[in-house]
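# Structural characterization, general
In case you want the letters, here they are:
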Protein chains: 2
Amino acid sequence: MLKHSKQRDAILANLRSRYDHPNADMIFANIREEIPNISLGTVYRNLALLAEMGEILKIGPSEDGKERYDGHTHPHSHFFCENCGEIYDIGEIFDTRNLEEKLHICIHEASTTLKGICKGCLHSQKQF
Amino acid sequence: MLKHSKQRDAILANLRSRYDHPNADMIFANIREEIPNISLGTVYRNLALLAEMGEILKIGPSEDGKERYDGHTHPHSHFFCENCGEIYDIGEIFDTRNLEEKLHICIHEASTTLKGICKGCLHSQKQF
DNA sequence: TCAATGTTAGGAATCATTCCTGTTTTTATT
DNA sequence: AATAAAAACAGGAATGATTCCTAACATTGA
């Protein structure tokens, strides 16, 4: 069981309260407003610990090469729009249970990353 | 259209001929046996170009933090065994076309990474 | 064959992330 | 609330995969 600390609690609360998919820097910048002397290393360490505990998700690096995090751990996939850069949540798109039985494997973690053009961008005048 | 070079051709041929999921270093080490003076930078540059052209796939970093590549581009997903470290190919596990229509998006790239314990490891005596 | 353009080797630079060290905070126990 | 042990912290240095740079070399099309 993880101990509590002001810093760790703030990081988790921040991720839980938002619905985007920030990277370590973005979280660092936000937490700094409440805890001005928090260090970037602390943010990284706690993101790693929280992900390991299953409290949050690492959703893999975006185009910019930086790891992204998600405070909402129910099973879902992510869609990265290559035009506007937005990351969207989409529901479960396959049946994990079914797959485990069919392949005789045990799945601990499943992450699907889709890349393409989102609805909004498709409806703009631009061609893709 | 990409020009040909001994180095680029060797990298593509190497990836096409193998069925594992090597990282840049592993490819570098192999190609070096044929072309001893190839440089690591050349390997990286060509992997990036080949992936951009759709000739090969980047399948996302493994546990060791290194990007992996796949010379076989038909749509399929990957399963990483957390015990033995093996990466397995598994077929398509969801219907991309269906998803595009349902969500009104255009999908250029889809990659699913599953992590867990493979069949072989599950059948060993160890508990997971 | 030649010029234009693309590609290479080698090494330096980048930069997200991890590691290290001495200090501070939290927690569990009186 | 005092205390000791364990965990967490700040700050900065180190790491290391990947990218960038430049001068030399190779490929292509005419």
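Residues numbered from 1 in each chain as written. Chains lettered and ligands numbered in written order. Predicted model: local features only at pLDDT ≥ 70, side-chain atom pairs only at ≥ 80, totals over all residues. Heavy atoms only, no water.

Take the state of the cysteines next. Taken as a whole and assessed by the stated rule, the structure comprises zero disulfides over all chains. The structure places no disulfide on Cys106(A), whose sulfur is separated from the nearest cysteine sulfur, that of Cys81(B), by 9.6 Å. In this structure Cys84(B) is a free cysteine whose sulfur lies 3.6 Å from that of Cys81(B), the closest cysteine sulfur available. (Disulfide = S-S within 2.5 Å.)

All right, on to the protein's contact with DNA strand C then. Near DNA strand C lie 16 residues; those nearest to it are Tyr44(A), Arg8(B), Ile38(B), Thr42(B) and Arg45(B). Within 4 Å of the protein, the contacting atoms of DNA strand C are drawn from sugar and phosphate to the extent of 82%. Between Glu67(A) and DNA strand C, the recorded distance is 3.2 Å, taken from a backbone N or O atom to a phosphate oxygen. Counting residues per element, the surface near DNA strand C draws most heavily on helix 3 (residues 40-52) of chain B, which supplies three residues. (Near = heavy atom within 4 Å. Polar contact = N/O pair within 3.5 Å; in protein donor to acceptor, adjacent residues only side chain to side chain. Helix = DSSP H or I, 4+ residues; strand = E, 2+ residues; numbered from the N terminus.)

Further remarks concern the protein's contact with DNA strand D. Looking at DNA strand D, there are 15 residues lining it, with Arg8(A), Ile38(A), Thr42(A), Arg45(A) and Tyr44(B) nearest. Counted by atom, the contact set of DNA strand D within 4 Å of the protein is 84% sugar and phosphate. Between Asn46(A) and DNA strand D, the recorded distance is 3.1 Å, taken from a side-chain N or O atom to a phosphate oxygen. At a separation of 3.2 Å, a phosphate oxygen of DNA strand D approaches a polar backbone atom of Glu67(B). Counting only elements with at least two residues in the surface near DNA strand D, the list comes to helix 1 (6-17) and helix 3 (40-52) of chain A. Examining the composition of the surface near DNA strand D, we find that three residues originate from one element, helix 3 of chain A, more than from any other. When its residues are assigned to classes, the surface near DNA strand D shows two nonpolar, seven polar and six charged. (Nonpolar A, V, L, I, M, F, W, Y, C, P; charged D, E, K, R; others polar.)

All right, on to the relation of the copies chain B and chain A then. For the match of chain B to chain A, the screw axis carries a shift of 0.0 Å, the RMSD comes to 0.1 Å, and the turn is 180 degrees. The transformation just described matches what one would write down for a two-fold rotation axis. Distance from the rotation axis, computed per C-alpha, reaches its smallest value in chain B at Thr112(B): 2.1 Å. Both copies contact each other with a shared surface, as 100% of the interface residues of chain B are interface residues in chain A too. (Least-squares fit on C-alpha atoms with pLDDT ≥ 70 in both. Contact = heavy atoms within 4.5 Å.)

Strand order across the open sheet formed by six strands is 4(A)-3(A)-5(A)-5(B)-3(B)-4(B), with mixed pairing between neighbours. With partners counted over all chains shown, the strands left at the sheet margins are strand 4 (87-90) of chain A together with strand 4 (87-90) of chain B, one partner each. This sheet shows a mean twist of 25 degrees between the axes of neighbouring strands, independent of strand direction. Sheet topology note: the strand 3 (residues 77-81) of chain A/strand 5 (residues 106-117) of chain A ladder contains four bridges and is parallel. Residue Phe80(A) lies in a different strand from strand 5 of chain A, and its bridge partner there is Lys115(A). Lying on the sheet, helix 4 (residues 96-103) of chain B is in contact with strand 4 and strand 5 of chain A together with strand 5 (106-117) of chain B; it crosses strand 5 of chain B at an angle near 120 degrees. (Pairing = 2+ DSSP bridges. Axes fitted to C-alpha atoms, helices over the stretch in contact; angles between N-to-C directions.)

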